[in-house]
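As a plain string of letters, each chain reads:
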Amino acid sequence: MGKPKVCFVLGGPGAGKGTACEFLVKKHGLAHLSAGDLLREERKRAGSQFGELIEECIVQGTIVPVEITCQLLENAMNKIMVDSKGEQDKFLIDGFPRNVDNLQGWTKQMDGKTDDRIVLYLNCPLEVCESRIMERSKTSGRSDDNIEALRKRFKTYEESTKGIIEHYRDLGKVREVDSSLTKEEVGETVSRIVEQDLTDVQQPSVSGDH
Ligand code: UDP
Ligand code: MG
């Protein structure tokens, strides 16, 4: 089995990470792991010892200790790799890593296990993010889709996550997309990026064909 190829998907709350990932799953059959969704699942799992801590972080817009998030991601990734007998080896990791603790934890735990290719950075003005989330709050049922929690999430994003994006930018791994556009437009753009950066380049044939 080759190493799983990873595309991290980052951007503010409401930037459209989940929507873009859904588009890529449909069009390219990538596996989508949302760190937030995995945490919400763990929170409601009967017998979880982390449920309360996770809920506290989610409502406060702070970040769950990386040991928890990283383990959930690794388990989910391994399950998909095993179930697909290694066929499914391209992963979108949505909403992670969000701070230095996340980045260090991932680097430590996943060292050598994954091929971290790119960071898809969905850049969207916070006013647009805010109006999207307030619209979503009518139906999402999420305990953090309200204006107080949202302000805290924006603060965490500005203070912690942006630095992680800059870290990856220095490594030449960031692919930045304007995600204030329609979902179809954003979808086409991210699709082109993924085709280019997540597909293995064919070795050019040495002997010329005639
Ligand atoms: N969260 C976290 N670590 C992660 C991802 C999410 O602690 O790696 C928590 C954090 O409290 C965050 C919340 O889960 O505010 C919701 O994350 P999600 O990615 O679902 O929100 P989005 O950014 O998509 O609106
Ligand atoms: Mg999301």
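Our subject is the structure listed above.
Here the residue index of a chain counts from 1 through its sequence in written order. Labels follow written order: the first chain is A, the first ligand is 1, and so on. This being a predicted model, a pLDDT of at least 70 is required before a residue's local features are given, and a value of 80 or more before pairs of side-chain atoms are given or counted; all residues contribute to the totals for chains, interfaces and linings. In computing side-chain properties, one takes all heavy atoms of the structure into account and sets aside hydrogens as well as water.

J.: An account of the environment of Gly16 is needed here, citing residue identities and associated values.
T.: Secondary structure elements are defined from DSSP: runs of H or I of at least 4 residues count as helices, runs of E of at least 2 residues count as strands, and each element is numbered from the N terminus. Tracing the chain through its elements places Gly16 in the loop between β1 (5-10) and α1 (17-28). You can call Gly16 partly exposed: its relative accessible area is 22%. Any two residues whose heavy atoms approach within 4.5 Å at even a single point are treated as in contact. Leave out the neighbours within four places in its chain, and Gly16 touches Leu122 and Arg132. Between buried and exposed lies partly exposed: a residue is buried under 20% and exposed over 50% of the maximum accessible area for its type, with that area taken using a 1.4 Å probe on protein chains only.

J.: Go over the side chain of Lys5 with me, naming the residues and quoting the values.
T.: Mapping Lys5 onto the fold places it in strand β1. Filtering out sequence-adjacent residues up to four positions away, Lys5 remains in contact with Asp89, Lys90, Phe91, Asp115, Arg117, Leu198 and Asp200.

J.: So what about the packing of aromatic side chains? Which residues, and what values?
T.: Working definition: rings of Phe, Tyr and Trp (its six-membered ring) pair if their centres are within 6.5 Å, and the pair is stacked with planes under 30 degrees apart, edge-to-face with planes over 60 apart, and tilted otherwise. In the structure shown here, the tally under the stated rule is three aromatic pairs. Here the aromatic rings of Phe8 and Tyr168 are separated by 5.8 Å at their centres, their planes lie at 35°, and the arrangement is tilted. Note that Phe8 is positioned in strand β1 and Tyr168 in helix α7 (residues 147-170), a separation of 160 residues in sequence. Using a relative accessible area of 5% as the deciding quantity, one classes Tyr168 as buried. Here the aromatic residues Phe8, Phe96, Trp106 and Tyr168 are joined through ring pairs into a cluster of three or more.

J.: Residue-level account of helix α8 (residues 183-197), with values.
T.: The end-to-end C-alpha distance of α8 is 21 Å, a good match for the 21 Å that 15 residues give at a rise of 1.5 Å each. Within α8 the residues assigned to the buried category are Val186, Gly187, Val190, Ser191, Ile193, Val194 and Asp197. Seen along its axis, α8 keeps its buried residues to an arc of 165°; they face one direction. Facing away from the buried side of α8, by more than 90 degrees, are the exposed residues Arg192 and Gln196. The secondary structure elements touched by the buried residues of α8 are α1, β4 (115-123) and β5 (174-178). The span one expects for a helix is its residue count, reduced by one, times 1.5 Å. An arc is given here, and it is the one of the directions from the helix axis to the C-beta atoms.

J.: Quick one: what's the story with unusual backbone geometry, residue by residue and with numbers?
T.: Excluding glycine, residues mostly have negative phi values, and the peptide bonds linking residues are mostly trans. With omega at -5°, the peptide bond leading from Phe96 into Pro97 counts as cis. Structurally, Pro97 is set in the loop between β3 (90-94) and α5 (100-110). Unusually for a residue other than glycine, Lys85 sits at a positive phi of about 50°. Take Lys85: it is sitting in the loop between α4 (66-83) and β3.

J.: Describe in detail the sheet that holds β5, supporting the description with residues and values.
T.: Paired through backbone hydrogen bonds, the strands of a sheet run either parallel or antiparallel to each other. In this analysis, strands are considered paired if DSSP registers two or more bridges between them. Strand order in the open sheet formed by five strands is β2-β3-β1-β4-β5, and the pairing between neighbours is parallel. Strands with a single pairing partner mark the edges of an open sheet, and in this sheet they are β2 (31-34) and β5. Strand-to-strand twist of the sheet, defined as the mean angle between neighbouring strand axes without regard to direction, takes the value 25°. With five bridges connecting them, β1 and β3 associate as parallel partners. Counterpart to Lys5 in the pairing with β3 is Lys90. Axis definition: a line fit to C-alpha positions, over the contact stretch in the case of helices; interaxial angles, taken between N-to-C directions, run 0 to 180 degrees.

J.: Any details on the packing of helix α6 (residues 126-140) against α7? Residues and values, ideally.
T.: Between α6 and α7, whose axes approach to 11 Å, the crossing angle comes to 145°. Taken as a pair, α6 and α7 cross one another with a handedness that is right-handed. In this structure, α6 contributes Leu126, Cys129, Glu130, Ile133, Met134 and Arg136 to the contact, and α7 contributes Ile147, Leu150, Arg151, Arg153, Phe154 and Glu158. Amino acids outside the nonpolar list (Ala, Val, Leu, Ile, Met, Phe, Trp, Tyr, Cys, Pro) and the charged list (Asp, Glu, Lys, Arg) are all regarded as polar, and Gly is one of them. Split by residue class, the contact of α6 with α7 holds seven nonpolar, no polar and five charged. Handedness of each helix crossing follows the sense of rotation of the near helix against the far helix: counterclockwise by less than a right angle gives left-handed, clockwise gives right-handed.

J.: How would you explain the side chain of Ser34 if you had to name every residue and give the values?
T.: Here Ser34 is to be found in strand β2. A relative accessible area of 8% places Ser34 in the buried class. Polar contacts, as counted here, are pairs of nitrogen or oxygen atoms within 3.5 Å of one another; within protein the pair requires one atom able to donate a hydrogen and one able to accept it, and residues that are adjacent in sequence qualify only if both atoms are side-chain atoms. Looking at Ser34, its side chain comes within polar contact range of the main-chain nitrogen of Asp37, at 3.0 Å.

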